[in-house]
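Chain and residue survey
The primary structure of each chain is shown beneath.
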Amino acid sequence: NREHLSYLAEAEIPSVIYSVFGEMAIGEFRIRINNRKLLKGLLEGFAVPEAGASAVLRSLDKIEKEEPARICAELEREGMPAAESRRLYQLVATGRTSAETLAALEGLGIDNAQYRQGRKELTDVVGAIRQFGVPDASFAIDLSVVRGLDYYTGTIYETTLVNAPELGSICSGGRYDDLASTFTETRLPGVGISIGLTRLFSRLKEAGLLHAPLRSPAEVLVTTLDPRYLDRYLALASELRRSGVNTEVYLETAKLKNQLAYANRKHFRIALIAGETEFARNSVQVKNLATGSAADHPLADAARAVQDILKN
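Now for a look at the structure at hand. Within each chain, residues carry numbers counting from 1 in the order of the written sequence. Restriction of local features to residues with pLDDT of at least 70 applies here, the model being predicted, together with a cutoff of 80 or more for giving and counting side-chain atom pairs; totals for whole chains, interfaces and linings are based on all residues. To obtain the side-chain values, all non-hydrogen atoms of the structure were used and water was disregarded.

Quick look at a nonpolar patch on the surface
Going by this rule: The patches described consist of residues with a relative accessible area above 30% and no salt bridge, like charges being joined within 9 Å and nonpolar side chains (Val, Leu, Ile, Met, Phe, Trp, Tyr) within 5 Å. Accessible areas in this description were obtained via Shrake-Rupley with a 1.4 Å probe; residue shielding takes into account the shown protein chains only. Salt-bridge detection follows one rule: a side-chain nitrogen of Lys or Arg within 4 Å of a carboxyl oxygen of Asp or Glu. Secondary structure is summarised from DSSP: a helix means a run of H or I of at least four residues, a strand means a run of E of at least two, and numbering begins at the N terminus for each. The classification of residues rests on relative accessible area computed with a 1.4 Å probe and restricted to protein chains. Under 20% of the type maximum is buried, over 50% is exposed, and intermediate values are partly exposed.
A cluster of nonpolar side chains, contributed by Tyr7, Leu8 and Phe132, occupies part of the molecular surface with about 260 Å² of accessible area. Tracing the backbone through its elements, the reader meets Tyr7 in helix H1 (residues 7-24). Residue Tyr7 is classed as partly exposed on the basis of its relative accessible area, which comes to 36%.

Quick word on the packing of helix H6 (residues 98-106) against helix H7 (residues 113-131)
Stated precisely, the cut-off is as follows: Under this scheme, a helix contributes an axis fitted over its contacting stretch, all axes are lines through C-alpha atoms, and angles between N-to-C directions fall in the 0 to 180 degree range. When describing relative orientation, an angle under 35 degrees is termed roughly parallel and one over 145 degrees roughly antiparallel, while 65 to 115 degrees is termed roughly perpendicular and anything else oblique. The hand of a helix crossing depends on one turn: near helix anticlockwise from the far one by less than a right angle means left-handed, and clockwise means right-handed. Any two residues whose heavy atoms approach within 4.5 Å at even a single point are treated as in contact. Charged means Asp, Glu, Lys or Arg here, nonpolar means Ala, Val, Leu, Ile, Met, Phe, Trp, Tyr, Cys or Pro, and polar covers whatever is left, Gly included.
The N-to-C vectors of H6 and H7 enclose an angle of 165°; their axes lie 11 Å apart at closest approach. The angle between H6 and H7 places the two elements in the roughly antiparallel class. Both H6 and H7 take part in a crossing whose hand is left-handed. Judged by residue contacts, Ser98, Leu102, Leu105 and Glu106 of H6 engage Tyr115, Arg119, Leu122, Thr123, Val126 and Arg130 from H7. Residues of the contact of H6 with H7, tallied by class, amount to five nonpolar, two polar and three charged.

Examining the packing of aromatic side chains
The criterion, for reference: Stacked, tilted and edge-to-face are the three classes applied to pairs of Phe, Tyr and Trp rings, where Trp contributes its six-membered ring and a pair requires centres within 6.5 Å; stacked means planes under 30 degrees apart, edge-to-face means over 60, and tilted covers the rest.
In this structure the tally under the stated criterion is eight aromatic pairs. Relative to Tyr176, the ring of Tyr151 has its centre 6.3 Å away and its plane inclined at 90°; by these criteria the two rings are edge-to-face. With a gap of 25 residues between them, Tyr151 in the loop between strand S2 (139-141) and strand S3 (155-161) and Tyr176 in strand S4 (residues 171-176) connect regions that are remote in the sequence. Relative to Tyr262, the ring of Tyr250 has its centre 5.4 Å away and its plane inclined at 75°; by these criteria the two rings are edge-to-face. With Tyr250 in the loop between strand S7 (247-249) and helix H10 (256-265) and Tyr262 in helix H10, the pair connects residues that are twelve residues apart, well separated along the chain. Within the aromatic cluster, the residues linked to one another by ring pairs are Tyr18, Phe21 and Phe29.

Here's the deal with the side chain of Asn35
Definition in use: Here a polar contact is taken to be a pair of N or O atoms separated by no more than 3.5 Å, where protein atoms must pair a possible hydrogen donor with a possible acceptor and residues adjacent in sequence count only if both atoms sit in side chains.
Note that Asn35 resides in strand S1 (residues 29-35). Judged by its relative accessible area of 0%, Asn35 is buried. Only 3.0 Å separates the side chain of Asn35 from the backbone nitrogen of Leu38, close enough to count as a polar contact. Within polar-contact distance, the side chain of Asn35 engages the side chain of Glu121 at 2.9 Å. When residues no more than four places from it in sequence are discounted, the contact partners of Asn35 are Gly118, Glu121, Leu122, Gly154, Thr155 and Ile156.

In structure tokens:
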């Protein structure tokens, strides 16, 4: 049913985040979740005027960055009594386990439709996230996660690095039930996340958490001694790739010694070397970079010669 989306889709998203960032090996991370219905019901329970709800949410979204007194002052400017602003701040800012947060929410005594539905959705999603195999150490309910975009209607997500919180959220998103209404009359609920790769990678590199691999994913470097034979170098590389060998062609103009230095620096295992003399004989030199040994082979036999070296 394209007009209905199970809460299980919201629970599956953290399992995707957990898998992606686990494989990236960038350190311990925490997937922080909340629910927009719960937030709206919470504000209703604290008697926040509807006209001030968006401003209050924006203030709560800054809890990790600004002093408590400043946040509470902003809440008071939106019409909340001082005592209630401090109580709301304390509720949202206090770190708890998911179980503790759900217990705290149950004990607030708030009873409106938005709050009841949001609390149930959050409870169900937390249980399903565990069933998807995400450990409690990697996710938690966090009431300070607000996501200021109003099109979110259910679960919302932010992912942070435990040892580099200054990077902020590295992966965010949420559920939206009516985002497509501008373009179609069909109701198309969805849920998703996004990663700003350029921003993320540059900041991970600055923080010393991202390192370029020491070796190239390719095993073979085809050197280019003479630009007149570019078509033959490319054809040689294509033949190797068709035989299942990861191959790179050196595409810049450089002396052979510099190309071989590049091959050694990137830990290629084999370099193929051919110039006017070799091509005149329809041959290519296959150089084992680990041993330094080299031998000429017919071009038609180059792939087999390479595979023999790689097997050994």
